[in-house]
Amino acid sequence: MKKKLFKILAKLNKLLLPSYTKQGLDLSKATKIQLAIFGWKLYVTKNALD
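Read on for an overview of the structure.

Before going further, it helps to examine the layout of surface pockets. Empty space within the largest pocket amounts to approximately 250 Å³. Taken together, 13 residues line the largest pocket, and the ones lying closest to its centre are Asn13, Ser19, Lys41, Leu42 and Thr45. Of all the secondary structure elements, the ones that give two or more residues to the lining of the largest pocket are helix 1 (2–16), helix 2 (20–23) and helix 3 (32–49). Ranked by residue count, the leading element in the lining of the largest pocket is helix 3, at 5 residues.

Structure (C-alpha coordinates):
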(Lines give C-alpha, C1' and ligand atoms only; values in the text may rest on other atoms or scores of the structure.)
Protein backbone atom coordinates (compact mmCIF):
# COMPACT_ATOMS: atom_id res chain seq x y z
CA MET A 1 0.00 0.00 0.00
CA LYS A 2 2.80 2.43 0.93
CA LYS A 3 4.70 1.76 -2.29
CA LYS A 4 1.57 2.27 -4.39
CA LEU A 5 0.92 5.61 -2.69
CA PHE A 6 4.46 6.80 -3.44
CA LYS A 7 4.15 5.71 -7.08
CA ILE A 8 1.01 7.84 -7.40
CA LEU A 9 2.77 10.76 -5.71
CA ALA A 10 5.73 10.37 -8.10
CA LYS A 11 3.40 10.65 -11.10
CA LEU A 12 1.74 13.73 -9.61
CA ASN A 13 5.15 15.29 -8.93
CA LYS A 14 6.15 14.73 -12.53
CA LEU A 15 3.01 16.45 -13.78
CA LEU A 16 2.77 19.34 -11.33
CA LEU A 17 6.26 20.23 -10.09
CA PRO A 18 9.07 21.70 -12.18
CA SER A 19 12.07 19.60 -13.19
CA TYR A 20 15.12 21.46 -11.96
CA THR A 21 17.57 18.95 -13.43
CA LYS A 22 16.22 19.57 -16.93
CA GLN A 23 16.49 23.31 -16.33
CA GLY A 24 20.12 22.90 -15.25
CA LEU A 25 19.60 24.43 -11.82
CA ASP A 26 22.76 24.87 -9.78
CA LEU A 27 21.86 23.60 -6.30
CA SER A 28 24.38 25.90 -4.65
CA LYS A 29 22.43 28.89 -6.03
CA ALA A 30 18.93 27.48 -5.50
CA THR A 31 16.40 29.19 -3.24
CA LYS A 32 15.02 27.43 -0.17
CA ILE A 33 11.74 26.69 -1.95
CA GLN A 34 13.59 25.12 -4.90
CA LEU A 35 15.64 23.00 -2.49
CA ALA A 36 12.49 21.92 -0.67
CA ILE A 37 10.82 20.87 -3.94
CA PHE A 38 13.96 19.04 -5.03
CA GLY A 39 14.18 17.25 -1.67
CA TRP A 40 10.51 16.29 -1.76
CA LYS A 41 10.81 14.83 -5.25
CA LEU A 42 13.93 12.91 -4.22
CA TYR A 43 12.18 11.52 -1.11
CA VAL A 44 9.12 10.40 -3.08
CA THR A 45 11.21 8.83 -5.85
CA LYS A 46 13.37 6.95 -3.34
CA ASN A 47 10.33 5.51 -1.59
CA ALA A 48 8.57 4.65 -4.84
CA LEU A 49 11.56 2.57 -5.95
CA ASP A 50 12.08 0.64 -2.68
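Still more ground to cover, so stick around.
Here we take up helix 3. Helix length check: helix 3 (18 residues) gives 26 Å between terminal C-alpha atoms against 26 Å at 1.5 Å per residue, within 8%. Residues of helix 3 that are buried make contact with helix 1 and helix 2.

Inspection of every chain in the model, using the stated rule, returns 2 aromatic pairs. Here the aromatic rings of Phe6 and Tyr43 are separated by 5.8 Å at their centres, their planes lie at 80°, and the arrangement is edge-to-face. Remark: Tyr43 occurs in helix 3 and Phe6 occurs in helix 1; sequence separation between them is 37 residues. Ring centres of Trp40 and Tyr43 lie 6.0 Å apart, and the angle between their planes is 35°; this geometry places the pair in the tilted category. With Trp40 and Tyr43 both in helix 3 and 3 residues apart, this pair spans about one turn of that helix.

Criteria and cut-off values
- Residues numbered from 1 in each chain as written.
- Predicted model: local features only at pLDDT ≥ 70, side-chain atom pairs only at ≥ 80, totals over all residues.
- Heavy atoms only, no water.
- 1 Å grid on protein atoms, 1.4 Å probe; cavity = no way out; pocket = protein on both sides within 12 Å on 5 of 7 lines; lining within 4 Å.
- Points joined across faces, edges and corners; volume = space filled by probe spheres on them.
- Helix = DSSP H or I, 4+ residues; strand = E, 2+ residues; numbered from the N terminus.
- Expected span 1.5 Å × (residues − 1).
- Contact = heavy atoms within 4.5 Å.
- Phe/Tyr/Trp six-rings, centres within 6.5 Å; stacked < 30°, edge-to-face > 60°.

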